[in-house]
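Listed here are the chains, written in short residue letters.
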Amino acid sequence: MKYLIINGSPRKKNTWAIVERIRHNLEGDFEEVHLSKEHIPFCNGCYNCIMKGEEYCPHRQYIEPIIEKLKSCDAFIIASPVYAMNVTALLKNFFDHTAYLYHRPEFFTKKAIVVVSTAGAGHKKVANYIDETLRHWGVNKVYKLYVACGGKDSPDNKKIDKESEKFGKDVLSKKLHSPKFADIVFFNVWKAMAVSDNSIPADKEFWFNTGLVNHDFSPDVKLGVIKKIFSKGMFNILKRVM
Ligand SMILES: Cc1cc2nc3c(=O)[nH]c(=O)nc-3n(C[C@H](O)[C@H](O)[C@H](O)COP(=O)(O)O)c2cc1C
């Protein structure tokens, strides 16, 4: 298995120690991206990625290699300490550059584990935020590890081992999970937007060129009858309101 590690911490300490422990529990090859070494400029809000296409992002030379690594791995580990009750600016800046993936999700066959370390607060909230972002990218299954490392707390190694072993087994199985209802709703929001009269050009091109517009969810992922009916119903409602 090929794993990509995206490290949103500017240093290799608490968060990295958890990543290393996870890595120890997984079998495969690991590639590392340390965002602190990527020197990605701040997103300047030009909207090019969303409106025209991600290839028009003025910082594409920084972002594309990471996106290509995400595309070619089987699964990834994404890590951040809590900074001021959120992810680090390094990770948020990377996420800002991937906002187009909300409109045009790509990672339906990927699984991920989110690692968040904290001195004491905000870890659950921050892990949930990263989970939400990845699910908007299309990621099939997101595991979450949020760990307190401050004060008297030493990281809960049992919890780290249990969750990372579960993650590793799931990645090895190559089995894709049925999406949550909320994921089906978001899929249809963007699909309905893409077919609407005032659709964003880059979105229209993506949804039609990939053929996703003809599906109730990514064809890589099996939908049961109820979720299929739900998806079709959602699309019909959203198409009318867009
Ligand atoms: C700038 C900064 C902001 C922080 N904000 C918080 C916070 O809001 N809540 C918290 O519990 N810990 C906070 N911390 C503590 C870190 O989340 C914690 O020590 C973490 O484990 C550090 O990870 P690292 O060793 O990978 O840098 C902050 C640390 C720094 C440097």
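> Just to check I follow, could you spell out the pairing of strand S5 (residues 141–148) for this structure?
If a strand is regular, its side chains alternate between the two faces of the sheet. Where strand S4 (residues 111–118) lies against S5, eight bridges are found, and the strand directions are parallel. Bridge assignment links Val114 to a residue of S5, and that residue is Lys144. In this fold, S4 hands off to helix H6 (residues 123–137), which returns the chain to S5; that crossover is right-handed.

> Where do I start with a nonpolar patch on the surface in this structure?
The grouping of Ile237, Val241 and Met242 at the surface amounts to a nonpolar patch, some 290 Å² of accessible area in total. Relative to the helices and strands, Met242 resides in the segment after helix H10 (225–241). Taking relative accessible area as the criterion, Met242 reaches 38% and is therefore assigned partly exposed.

> Would you take a moment to explain the site of the ligand for this structure?
If you check the shell around the ligand, you find 15 residues, and the closest are Asn14, Thr15, Val82, Ser117 and Thr118. Between the ligand and Ser9, the relevant distance is 2.9 Å, taken from an oxygen atom to a side-chain nitrogen or oxygen of the residue. Those elements that place two or more of their residues in the shell around the ligand are helix H1 (14–24) and S4. Tallied by class, the residues present in the shell around the ligand amount to seven nonpolar, six polar and two charged.

> What is the right way to read the domain arrangement of the protein chain from this model?
Size of an interface, as often reported, equals the accessible area lost when the parts are brought together. Domain boundaries assigned for the protein chain yield domain 1 (2–173) and domain 2 (181–241). Measuring from the centre of the C-alpha atoms in domain 1 to the corresponding centre in domain 2 gives 26 Å. Between domain 1 and domain 2, the contact holds 14 residues from the first and 16 residues from the second. Together, the buried faces of domain 1 and domain 2 total about 1200 Å²; carbon and sulfur atoms form 66% of this surface. Contact with domain 2 buries area across many residues of domain 1, yet His103, Arg104 and Phe108 alone supply 44% of it, more than any other trio. A salt bridge links Asp203 to Arg104; the shortest N-O distance between them is 2.9 Å.

> What am I meant to see in the nonpolar core here?
Soluble, globular proteins show a tendency: their nonpolar side chains are buried together. Counting 33 residues, the largest nonpolar core has Phe76, Phe94, Ile130, Leu134 and Trp137 as the members making the most contacts within it. Elements supplying a minimum of two residues to this core: strand S1 (2–7), helix H2 (48–51), helix H3 (60–72), strand S3 (75–81), helix H4 (89–96), helix H5 (100–103), S4 and H6. Per-element accounting of this core gives the leading share, five residues, to H6. Leaving out residues up to four positions away in the same chain, Phe94 has contacts with Ile6, Leu35, Ile40, Ile63, Ile66, Leu70 and Trp137. Formed by 19 residues, the second largest nonpolar core is a distinct cluster that contains Ile18, Ala75, Ile77 and Leu145.

> Would you mind going over the sheet that holds S3 with me for this structure?
Hydrogen bonds between backbone groups are what pair the strands of a sheet, and the pairing can be parallel or antiparallel. An order of S2-S1-S3-S4-S5 is seen for the five strands of this open sheet, with the pairing classed as parallel. If you trace the sheet from one side to the other, it starts and ends with strand S2 (29–34) and S5, each paired once. If you compare each strand with its neighbour and ignore which way they point, the axes differ by 15° on average. Relative to S5, H6 is tilted by about 160°, and along the sheet it contacts S3, S4 and S5.

> I tried to follow H1 on my own but got confused; where do I start?
Because an α-helix completes one turn every 3.6 residues, residues spaced three or four positions apart along the sequence face the same direction. Considered for burial, the residues of H1 that qualify are Thr15, Trp16, Ile18, Val19, Ile22 and Arg23. Viewed along the axis of H1, the buried residues span an arc of 155°, placing them on a single side of the element. Contacts from the buried residues of H1 go to S1, S2, S3, S4, S5 and helix H7 (157–173).

> Just to check I follow, could you spell out the environment of Gly211 for this structure?
For Gly211, the location among the structural elements is in the loop between helix H9 (201–209) and H10. Judged by its relative accessible area of 16%, Gly211 falls in the buried class. In this structure, the C-alpha to C-alpha distance between Gly211 and Glu165, residues 46 residues apart in sequence, is 35 Å.

Criteria and cut-off values
- Residues numbered from 1 in each chain as written.
- Predicted model: local features only at pLDDT ≥ 70, side-chain atom pairs only at ≥ 80, totals over all residues.
- Heavy atoms only, no water.
- Pairing = 2+ DSSP bridges.
- Helix = DSSP H or I, 4+ residues; strand = E, 2+ residues; numbered from the N terminus.
- Right-handed = clockwise from strand over helix to strand, strands pointing away.
- Patch = residues over 30% accessible without salt bridge, like charges linked within 9 Å, V, L, I, M, F, W, Y side chains within 5 Å.
- Areas by Shrake-Rupley, 256 points an atom, 1.4 Å probe, with all protein chains shown as cover.
- Salt bridge = Lys/Arg side-chain N within 4 Å of Asp/Glu carboxyl O.
- Buried < 20%, exposed > 50% of the residue type's maximum accessible area, 1.4 Å probe, protein only.
- Near = heavy atom within 4 Å.
- Polar contact = N/O pair within 3.5 Å; in protein donor to acceptor, adjacent residues only side chain to side chain.
- Nonpolar A, V, L, I, M, F, W, Y, C, P; charged D, E, K, R; others polar.
- Domains from an automatic or database assignment.
- Contact = heavy atoms within 4.5 Å.
- Buried area = accessible area lost by both parts, 1.4 Å probe.
- Core = buried A, V, L, I, M, F, W, Y, C linked by side-chain atoms within 4.5 Å.
- Axes fitted to C-alpha atoms, helices over the stretch in contact; angles between N-to-C directions.
- Arc of directions from axis to C-beta.

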